[in-house]
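# Survey of secondary and tertiary structure
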Amino acid sequence: MSLSTKFALAVAMIAAPVLGATTASADGERYVLVSHAPDSDSWWNTVKNGIALAGKQMNVEVEYRNPPTGDLADMARIIEQAAASGPNGIITTLADYDVLSGPIRAAVDSGVDVIIMNSGTPDQAREVGALMYVGQPEYDAGHAAGLRAKGDGVESFLCVNHYISSPSSTERCQGFADGLGIELGNQMIDAGQDPAEIKNRVLAYLNANPDTDAVLTLGPTSADPTLQALDENGMAGDIYFGTFDLGANIVEGIKAGTINWGIDQQPFLQAYLPVVVMTNYHRYGVLPGNNINSGPGFVTASGLELVEKYAGEYR
């Protein structure tokens with residue numbers, strides 16, 4: 001069966017995800033996905049569902065590993081440990097090239113195939129010796145969002161960056177500013193990961209800058225507390241609000257008109273496709289000739305039916 005046929009069948013037969021971190025393989029292949037996400041970031045549940053379903057359908061063993069606090073030095077050690085365990089392949093984010101490129105190259109040099117997903121760039125994936133990149137070009141996505149907001153009359157904004165140590169997060173904010181044609185300057189804040197602190201920092205910024213036209217959040221971790229902040233200061237529904245990524249509260253915000261749009265990078269595909277690609281590569285020697293862009297795609301109130309149904313699970 002061809003890769004395209006397997007993928008079409010897989011999408012058509014959406015099944016319940018395997019909830020454990022590992023699924024067993026009757027054929028012996030084992031793939032490890034290493035992310036930079038802390039345990040507190042629920043957005044990655046969709047990634048876990050993607051790798052679990054791919055493992056089940058391809059009949060391979062899959063594991064999900066991450067640094068509990070999001071510490072990138074810890075993630076580098078996890079990549080080293082994963083490579084030492086002798087898997088057939090590693091699927092990993094490249095949240096910080098300087099910190100993670102060495103362990104990834106070492107894994108490739110040891111004979112482990114690697115696919116970069118979610119963060120990093122296609123050029124960086126090639127530089128570390130990965131087979132390919134599956135994800136959303138973050139600067140380009142931010143730039144597209146900025147152009148859209150500019151067309152809607154936005155001239156100033158607040159970017160709520162909840163993961164400022166990741167260059168990919170900053171690229172989103174910078175791309176948005178460049179799309180608007182303005183300087184990023186102090187319009188990006190280091191919001192941290194704590195929901196209460198995020199809400200307070202958003203409230204403080206908007207109180208000090210009441211003429212801000214728009215708010216941009218980078219995922220549910222920052223979007224959910226920002227929604228609370230806007231409810232508290234009375235700006236919900238009045239200030240232009242765009243966000244990256246999806247989640248149940250984001251979908252409800254779009255539906256209610258509080259959020260103008262969400263950018264869907266399809267994290268399910270970012271985890272699912274690398275398992276399918278590498279399994280077919282190892283079994284049959286076939287490999288797509290290009291990287292795979294899983295996003296960006298703008299989700300608005302007019303296209304919410306399936307998104308709402310599967311938010312936090314497959315979307």
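Quick note: structure is the one above.
Along each chain, numbering runs from 1 in the same order as the chain's sequence is written. The model is predicted, so local features are restricted to residues of pLDDT at least 70 and side-chain atom pairs to those at 80 or more, both for listing and for counting; the totals for chains, interfaces and linings are taken over all residues. Heavy atoms from the whole structure form the basis of all side-chain values; hydrogens and water molecules are not counted.

## Side note on the overall build of the protein
As a reminder, the rule being used: Where helices and strands are cited, they refer to DSSP runs of H or I of at least four residues and of E of at least two residues respectively, numbered from the N terminus. C-alpha atoms define the radius of gyration in this analysis, and the globule rule sets the expected value at 2.2 Å times the number of residues to the power 0.38. Exposed residues in this analysis have more than 50% of their type's maximum accessible area, buried residues have under 20%, and partly exposed residues fall in between, with area computed by a 1.4 Å probe over protein chains only. We call two residues contacting when some pair of their heavy atoms lies within 4.5 Å. Every accessible area reported is derived by Shrake-Rupley at a probe size of 1.4 Å, with residue values counting cover from the shown protein chains alone. Just so you know, the count uses Lys and Arg for positive and Asp and Glu for negative, and it drops His and the chain ends. A charged residue contributes its charge at one atom only: NZ of Lys, CZ of Arg, CG of Asp or CD of Glu.
Across its full length, the protein carries 12 helices and 13 strands. Against the globule reference of 20 Å for 315 residues, the protein gives a C-alpha radius of gyration of 19 Å, in line with a compact fold. Oriented by its inertia axes, the alpha-carbon framework of the protein measures out at about 60 × 40 × 35 Å. Per-residue burial for the protein yields a buried fraction of 52% across its 315 residues. For the protein, long-range pairs separated by at least 24 residues make up 74% of all intrachain contacts whose partners lie at least 6 apart in sequence. Carbon together with sulfur atoms contributes 48% to the accessible area of the protein, which is approximately 12700 Å² in total. A gap of 8 Å separates the mean positions of the 17 positive and 37 negative side-chain charges of the protein.

## Let's talk about the side chain of N118
For clarity, the threshold we go by: Two N or O atoms form a polar contact when they lie within 3.5 Å of each other; inside protein one atom must be a possible hydrogen donor and the other a possible acceptor, and for residues adjacent in sequence the pair counts only when both atoms belong to side chains.
Examined against the element boundaries, N118 turns out to sit in strand 5 (residues 113–118). For N118, the side chain forms a polar contact with the side chain of Q265, separated by 3.3 Å.

## Digging into the packing of aromatic side chains
Under the convention used in this document: Two rings from Phe, Tyr or Trp (for Trp, the six-membered ring) form a pair when their centres sit within 6.5 Å of each other. Planes less than 30 degrees apart are called stacked, planes more than 60 degrees apart edge-to-face, and all others tilted.
If you walk through the whole model with that rule in mind, you get 7 aromatic pairs. Here the aromatic rings of W43 and W44 are separated by 5.1 Å at their centres, their planes lie at 80 degrees, and the arrangement is edge-to-face. Pair check on accessibility: W43 and W44 agree, each one buried. A ring pair is formed by F157 and F176, whose centres lie 4.8 Å apart and whose planes are at 70 degrees; its orientation type is edge-to-face. Of this pair, F157 sits in strand 7 (residues 157–161) while F176 is found in helix 7 (residues 167–180), placing the two residues 19 residues apart along the sequence. Among the aromatic residues, those joined into a ring-pair cluster are F268, Y272, Y310 and Y314.

## Examining the pattern of salt bridges
Condition: We count a salt bridge whenever a side-chain nitrogen from Lys or Arg sits within 4 Å of a carboxyl oxygen from Asp or Glu.
Under the defined criterion, the tally for this structure stands at 11 salt bridges. In this structure, D245 and R172 form a salt bridge, with 3.5 Å as the shortest nitrogen-oxygen distance. Here D245, found in the loop between strand 10 (240–244) and helix 10 (248–256), pairs with R172, found in helix 7; they are 73 residues apart in sequence, far enough to count as distant. Owing to a relative accessible area of 5%, D245 belongs among the buried residues under this scheme. Its relative accessible area of 6% is what places R172 among the buried residues.

## Considering the pairing of strand 7
We count it as follows: In short, DSSP must find at least two bridges between two strands for them to pair. With strands facing away from the observer, any crossover in which the path from the first strand over the helix to the second runs clockwise is taken as right-handed.
Across the 5 residues that make up strand 7, a large majority, 5, are buried. Neither face of strand 7 is left uncovered, since the one carrying F157, C159 and N161 and the one carrying L158 and V160 both have all their residues buried. Of the pairings in the sheet, the one linking strand 7 to strand 8 (residues 188–190) comprises 3 bridges and is parallel in character. Counterpart to V160 in the pairing with strand 8 is I189. Taken together, strand 7, helix 7 and strand 8 constitute a β-α-β crossover, and its handedness is right-handed.

Note that every value here comes from positions in space, so none of it alone points to a role or purpose.
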